Amino acid sequence: MNLKIRYPSVSKRKISVNSFSNGMKGTLEQKRSDLSRATWAFNFDYSDGILKNGLGVTYFKEFSTVNINNLKMLGIYEYIRFNEDINDYENLIIYYLDDKRLYWVNSNGGNVELLSDTVFETKPAIIQYNYLDKDVLLISSPSSGLYYLDYLTLVKIEDAPEITSLCAHKERIFATSGRDGKSLWFSDDFDPTNWAISLNEAGFINFADRLGKLIKAVSFLDSVYVFREYGITRVVAYGDQEEFSADNLFGNHGKIYGNSVTECGDFIIMVTSAGIFSFNGLNATKILSEYDEYLYGIDNQNAKGVYRDNKVFIKLNMKFFLNVESVILVYDVAKKSSYIARGLNIEDFCFFSGNVNEVLCVTGDDRTGKLDLSGCCFEKNLTCSWSSELCDFSLPDVSKNLYKVTLFSSKKATLTVEGDGKVLSYELKPNRVSEIAPCLTGYKFRFAITSVENGVEISNLCAYISYVRGN
């Protein structure tokens, strides 16, 4: 009698990650089959499909800080003015320190000096303005008053309202008030020092609806947009104040964090308690929803954005591994790509135009730097890391053998492979495709890549698995 013996068939499969540009998805929405999407990734820019160094901070200028007595730097602002002595524009850097006073230094270098003994109890709102044919700064803090700075002379503007934010629109200054949180004030035509209420001078608009307090005023697309706790109001303000009009545009999105409102050409990006939105003047669209998990329930009252060359840098808090930390979310509006930078220790930042043309920042250790793509925080290389989702390769009920992994790296890096709780790590040699034989058996696998090398580029991750089909 002839018996036919049937042996289980062994199948093999190659899973390739040709591009890492899918970015992060978070742990709550894992597909368990997509090796190209990260559960978390830090300091790698993967917008072009490869893992490479992302945002960094390098020295801007070496400023002498002997005169600030180890005070902490809490804010940085630009002051660009025409200097008649040199017949050209110059950039001054204005600092707000933890003694609640303002300091200054020329962007070309020098000593950081006290600007004035005036105390601003809270970090001031500052805008550039041309007043009486002079380049001045308007500086406001609710409990400290409104001032203008003409070079190094600080002048208080009497009888101004308590201002929390301000913008220049047409010939007036529009400002949100901290007194009741419901009033939008506007100055007299061409005169930010005149806040006397009359039909021919200054005035205010009171908002008594359910959209909450007024937190930010922005001149945008030929109107004043007032960002409120739970909505946006557009104010059309041409000429005669009797013709001003207002209408509400946006709501049902959670609480808006006013400091995060960032103009990006023909749209605005803002952080809310419900995530990140793009606003075009009429409608708001949810963007970057892949970060919602890390933002949920986190206070981002101090979130701030800066825009330069099609990139938005958003300083905000996110929750990773049960810890809340301050990070920079880098969003390329042209590519619609983003990544997270951590470990930069940025306290505040600001775009400087003119001869500087850089995003300058102050760090928690009181240094003045500029953003770059070095992947370093001054002289220290940042740790770049990427971790895949927990993947079953679309075979959830089949035990698999991960018998080979290949990966290219231009610099030293580490690959960590996890299979059903067992973890193995391998050092990748530079400028070659590394071939690794983990021989891990399991149902689900995770791949993590780390590097501390400057100029690293990592690509073409391939996982090779075998598995036995049933009879």
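Refer to the structure printed above.
Residues numbered from 1 in each chain as written. Predicted model: local features only at pLDDT ≥ 70, side-chain atom pairs only at ≥ 80, totals over all residues. Heavy atoms only, no water.

A. Up close: the overall build of the protein. Scanning the protein from N- to C-terminus turns up one helix and 42 strands. Along the three orthogonal principal directions, the C-alpha set of the protein runs to about 110 × 50 × 35 Å. The buried share among the 471 residues of the protein stands at 52%. For the protein, contacts bridging at least 24 residues in sequence account for 56% of all contacts bridging at least 6. Element-wise, carbon and sulfur atoms account for 45% of the exposed surface of the protein, whose accessible area totals about 21,700 Å². Considering the protein, the positive charge centre built from 50 side chains and the negative charge centre built from 59 side chains are found 15 Å apart. (Helix = DSSP H or I, 4+ residues; strand = E, 2+ residues; numbered from the N terminus. Buried < 20%, exposed > 50% of the residue type's maximum accessible area, 1.4 Å probe, protein only. Contact = heavy atoms within 4.5 Å. Areas by Shrake-Rupley, 256 points an atom, 1.4 Å probe, with all protein chains shown as cover. Lys, Arg positive; Asp, Glu negative; His and termini not counted. Charge placed at Lys NZ, Arg CZ, Asp CG, Glu CD.)

B. Local environment of the pattern of salt bridges. Going through the model one piece at a time under the given rule, you end up with 23 salt bridges. Where Lys370 meets Glu358, a salt bridge forms, and the shortest distance between an N and an O atom there is 3.8 Å. Remark: Glu358 occurs in strand β31 (residues 358-363) and Lys370 occurs in strand β32 (residues 368-372); sequence separation between them is 12 residues. In this structure, Glu418 engages Arg446 in a salt bridge whose closest nitrogen and oxygen atoms are separated by 3.5 Å. Of the two residues, Glu418 is situated in strand β37 (residues 413-419) and Arg446 in strand β41 (residues 445-451); the sequence distance between them amounts to 28 residues. Here the salt bridges do not stand alone but share partners, grouping Arg308, Asp309, Glu358 and Lys370 into one network. (Salt bridge = Lys/Arg side-chain N within 4 Å of Asp/Glu carboxyl O.)

C. Structural context of the sheet that holds strand β17 (residues 203-206). With respect to topology, four strands assemble into an open sheet ordered β14-β15-β16-β17, the strand pairing being antiparallel. At either end of the open sheet lies a strand with only one pairing partner, and these are β14 (163-169) and β17. Between one strand axis and the next, the sheet turns by 25 degrees as a mean value, whatever way the strands run. With six bridges joining them, β14 and strand β15 (residues 172-177) adopt antiparallel strand pairing. Residue pairing across strands places Ala168 opposite Ile173, the latter belonging to β15. (Pairing = 2+ DSSP bridges. Axes fitted to C-alpha atoms, helices over the stretch in contact; angles between N-to-C directions.)

D. Region of interest: the nonpolar core. Formed by 73 residues in total, the largest nonpolar core has its most connected members in Ile269, Tyr291, Met318 and Phe447. Of all the elements, strand β27 (residues 311-320) adds the most residues to this core, at six residues. (Core = buried A, V, L, I, M, F, W, Y, C linked by side-chain atoms within 4.5 Å.)

E. Layout of unusual backbone geometry. For Leu322, which is not glycine, the phi torsion reads 75 degrees and is therefore positive. The class of Leu322 is exposed, set by a relative accessible area of 74%. Even without glycine at this site, Asn345 takes up a positive phi of about 60 degrees. When you line up the elements, Asn345 lands in the loop between β29 (337-341) and β30 (346-352). Looking at Asn345, the relative accessible area reads 45%, which means it is partly exposed.

F. Geometry of the sheet that holds strand β23 (residues 268-272). Read across the open sheet, the four strands follow the order β22-β23-β24-β25; overall the sheet is antiparallel. Each edge of the open sheet carries a strand with a single partner, namely β22 (262-263) and β25 (284-287). Two strands pair when backbone bridges link them, and strand β24 (residues 275-279) and β25 are joined in this way by four bridges, in the antiparallel orientation. Note on β25: the bridge partner recorded for Ile276 is Ile287.

G. Region of interest: the packing of aromatic side chains. Within the structure shown, the criterion is met by 21 aromatic pairs. Centre to centre, the rings of Phe186 and Phe244 are 5.1 Å apart; their planes meet at 70 degrees, and the pair counts as edge-to-face. Placement of the pair is Phe186 in strand β16 (residues 183-186) and Phe244 in the loop between β20 (231-236) and β21 (245-250), with a sequence separation of 58 residues. Phe244 matches Phe186 in its accessibility class, with the two residues each being buried. Between Tyr403 and Tyr464, the ring centres sit 6.2 Å apart and the planes meet at 50 degrees, which makes this aromatic pair tilted. Placement of the pair is Tyr403 in strand β36 (residues 400-409) and Tyr464 in strand β42 (residues 457-468), with a sequence separation of 61 residues. In this structure an aromatic cluster arises from ring pairing among Trp40, Phe42, Tyr294, Phe320 and Phe321. Positioned above the aromatic ring of Tyr464 is the side chain of Lys404, whose terminal nitrogen or guanidinium carbon lies 4.3 Å from the ring centre. (Phe/Tyr/Trp six-rings, centres within 6.5 Å; stacked < 30°, edge-to-face > 60°. Lys NZ or Arg CZ within 6 Å of the ring centre and 35° of its normal.)

H. Molecular detail of the environment of Lys411. Examined against the element boundaries, Lys411 turns out to sit in the loop between β36 and β37. Each C-alpha atom of the pair Lys411 and Ser9 lies 40 Å from the other, and the pair is 402 residues apart in sequence. Aside from chain neighbours lying at most four places away, what touches Lys411 is Leu428, Pro430, Asn431, Glu453, Asn454, Gly455 and Val456.

I. Here's a closer look at the environment of Ile15. Positionally, Ile15 belongs in strand β1 (residues 10-17). For the pair Ile15 and Phe393, spaced 378 residues apart in sequence, the C-alpha separation works out to 8.0 Å. Residues within four places of Ile15 in sequence aside, it is in contact with Leu35, Phe393, Leu461, Cys462, Ala463 and Ile465.

J. Local environment of the side chain of Asn83. Considering the arrangement of structural elements, one finds Asn83 in strand β6 (residues 73-83). Among the residues examined, Asn83 registers a relative accessible area of 12% and is labelled buried. Polar side-chain contacts of Asn83 include one of 2.8 Å to the backbone nitrogen of Asp85. Contact partners of Asn83, with chain neighbours within four places excluded, come to Asp88 and Glu90. (Polar contact = N/O pair within 3.5 Å; in protein donor to acceptor, adjacent residues only side chain to side chain.)

K. Layout of the side chain of Ser140. By the secondary structure assignment, Ser140 is in strand β11 (residues 134-141). When residues no more than four places from it in sequence are discounted, the contact partners of Ser140 are Pro124, Ala125, Gly145, Leu146, Ile163 and Leu166.

L. Just the pairing of β29, in detail. Across the five residues that make up β29, a large majority, five, are buried. Where burial is concerned, the two faces of β29 agree: the one with Ser337, Tyr339 and Ala341 and the one with Ser338 and Ile340 are both buried. The pairing of strand β28 (residues 323-332) with β29 spans five bridges and is antiparallel. Along β29, the bridge assignment pairs Tyr331 with Ser338.

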